[in-house]
Amino acid sequence: MSRQDIIVKTSIIGIIVNIILVIFKAFVGLATNSIAITLDAVNNLTDALSSIITIIGAKLAGKAPDKEHPYGYGRIEYFSSVIIAAIVLWAGITAFMESWPKIFTPDVTNYTTVSLIIVAVAVVVKFVLGRYVKGVGEKINSQALVASGSDAFFDSILSLSTLVAAIISIFFHISLEGILGVIISIVIIKASYDMIKETVDSMLGERIDSELSRKIKDSICELPEVYGAYDLTLHNYGPESMQGSVHVEIDDNLTALEIHELTRKIAFKIFNEFSIALTVGIYARNDNFKEIRDDLYEIASKYEEVLEIHGFMAYEDKKLVTFDIIVDFDADREKVKDEILKEIKALHPDFDYIMIDDFDISD
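Given the structure is predicted, the values throughout are model-derived calculations rather than measurements.

### Observations concerning the pattern of salt bridges
A complete count under the given rule lists 12 salt bridges for this structure. The partner of Glu-225 in a salt bridge is Lys-265, with the nearest N and O atoms 3.7 Å apart. Taken as a pair, Glu-225 in the loop between helix H7 (210-221) and strand E1 (228-236) and Lys-265 in helix H8 (residues 256-274) lie far apart in primary sequence, 40 residues in all. Glu-225 sits in the partly exposed class, given a relative accessible area of 30%. Between Lys-337 and Asp-357 there is a salt bridge, with its nearest N and O atoms 2.9 Å apart. Here Asp-357 lies in strand E6 (residues 352-358) and Lys-337 lies in helix H10 (residues 333-347), a separation of 20 residues in the sequence. Several salt bridges share partner residues, and in doing so they unite Arg-333, Glu-334, Lys-337 and Asp-357 into one network.

### Points about empty space enclosed by the protein
Empty space among the atoms becomes visible once a probe the size of a water molecule is rolled across them. Under the defined criterion, the tally for this structure stands at four cavities of 30 Å³ or more. Approximately 100 Å³ is the volume attributed to the largest cavity. Lining the largest cavity are 13 residues, and of these Gly-14, Asn-18, Ser-51, Val-133 and Ser-148 lie nearest its centre. Of all the secondary structure elements, the ones that give two or more residues to the lining of the largest cavity are helix H1 (3-32), helix H2 (35-61), helix H4 (113-140) and helix H5 (143-172). Residue composition of the lining of the largest cavity, grouped by class: four nonpolar, seven polar and two charged.

### Let's talk about the environment of Ile-76
Along the chain, the position of Ile-76 falls in helix H3 (residues 76-104). Residue Ile-76 is classed as partly exposed on the basis of its relative accessible area, which comes to 23%. Each C-alpha atom, one on Ile-76 and one on Ala-61, is 5.3 Å from the other, the two residues being 15 residues apart in sequence. Beyond its immediate sequence surroundings of up to four residues, Ile-76 is in contact with Gly-57, Leu-60 and Ala-61.

### A word on H10
Residue pairs spaced three or four apart in an α-helix point in one direction, given the helix's 3.6 residues per turn. Across its 15 residues, H10 extends 22 Å between first and last C-alpha, which sits within 8% of the 21 Å expected from 1.5 Å per residue. Listing the buried residues of H10 in full gives Arg-333, Val-336, Lys-337, Ile-340, Leu-341 and Ile-344. An end-on view of H10 places all buried positions within 130° of arc, on one side of the element. Facing away from the buried surface of H10 by more than 90 degrees, the exposed residues are Lys-342 and Ala-346. Elements in contact with the buried residues of H10: helix H9 (290-301), strand E4 (306-315), strand E5 (320-327) and E6.

### Brief notes about the packing of aromatic side chains
Tallying each qualifying case throughout the model produces three aromatic pairs. Relative to Phe-351, the ring of Phe-289 lies with its centre 5.4 Å away and its plane at 75°, an arrangement referred to as edge-to-face. A residue pair is termed long-range when its members are at least 10 positions apart, and Phe-289 in the loop between strand E3 (276-285) and H9 and Phe-351 in the loop between H10 and E6 qualify at 62 residues. We classify Phe-351 as buried; its relative accessible area is 8%.

### Remarks on the sheet that holds E1
What links the strands of a sheet is backbone hydrogen bonding, and the strands pair in either a parallel or an antiparallel sense. If you walk across this open sheet you meet the three strands as E1-E2-E3, and the pairing is mixed. With partners counted over all chains shown, the strands left at the sheet margins are E1 and E3, one partner each. For this sheet the average axis-to-axis angle between neighbouring strands, irrespective of direction, equals 15°. In this sheet, E3 lies alongside strand E2 (residues 242-251) in parallel orientation, the contact comprising 10 bridges. Counterpart to Val-248 in the pairing with E3 is Ile-282.

Cut-off values and rules
- Residues numbered from 1 in each chain as written.
- Predicted model: local features only at pLDDT ≥ 70, side-chain atom pairs only at ≥ 80, totals over all residues.
- Heavy atoms only, no water.
- Salt bridge = Lys/Arg side-chain N within 4 Å of Asp/Glu carboxyl O.
- Helix = DSSP H or I, 4+ residues; strand = E, 2+ residues; numbered from the N terminus.
- Buried < 20%, exposed > 50% of the residue type's maximum accessible area, 1.4 Å probe, protein only.
- 1 Å grid on protein atoms, 1.4 Å probe; cavity = no way out; pocket = protein on both sides within 12 Å on 5 of 7 lines; lining within 4 Å.
- Points joined across faces, edges and corners; volume = space filled by probe spheres on them.
- Nonpolar A, V, L, I, M, F, W, Y, C, P; charged D, E, K, R; others polar.
- Contact = heavy atoms within 4.5 Å.
- Expected span 1.5 Å × (residues − 1).
- Arc of directions from axis to C-beta.
- Phe/Tyr/Trp six-rings, centres within 6.5 Å; stacked < 30°, edge-to-face > 60°.
- Pairing = 2+ DSSP bridges.
- Axes fitted to C-alpha atoms, helices over the stretch in contact; angles between N-to-C directions.

Encoded structure:
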């Protein structure tokens, strides 16, 4: 079964379950005059709508690349996640507006054994549904399903609090409907904010996951011809489409054919292991000026702000040394780089130095 089919199947299950819960909860809420249960039913209705949007988003995102969109339509899934989060936010704000007045003028509720059993069953059903949908979403890397699953899990907690409030009302004759409704609405609003933030971060381009970065670099360095892997960048064109680039350090005496074979080997290896399409660049390495390189690395090691130096190359005919440096974002970057240049020039004044500024975008 394809990823798109799994999303559709999971979403349809969510729609069916939520519609059944809407019917039962709406009936119980209206019959018992419970604002909390009625709002819970409305929340389940938005969940069903969210699942419909997830299906539409998955279908559109599955379209093949074309001339106008050569990277495909995978990012449409992010827009569907934002729409889902907006619906959840609307439900939270509406719930708050309905619940706040009930704190000061509570309605009289009349719970029955049947109504309490229905709410209790709903708690279990939403918990199981939430775990299932979120688990599937994490397995196939679908933010929309993860968002729907998390929302369902929150719903089970809120339904449980509604059940507890009902029991308190029966035994102690204290109405917590308004207070509970406000709490439910705040939780819903918070959940929608988190969903929007996570999705927008993905759309903007967030930092590469450090664990994934290390795994990719370690995999590349398993090849005996590679001394190191640097400058890894990844660009997300949807949950199933990731591309990027990396530089590898190799001996400067390799032929063009050997470099061609090595870069292809790296690209195939990473695609087979991580489903990521990488473009491979080259840093040439030789030991003719090992003393300068070792001194440079020793100087840099004294600065905690320096995360990495790589791409070292010395040109004897030009009396020029070039290298890349990564300095922590929070450091006084220019000051640190100036001090390193002064120290290396003092040790090896016969050379000029070009420092290429890289950024800490992975690990």
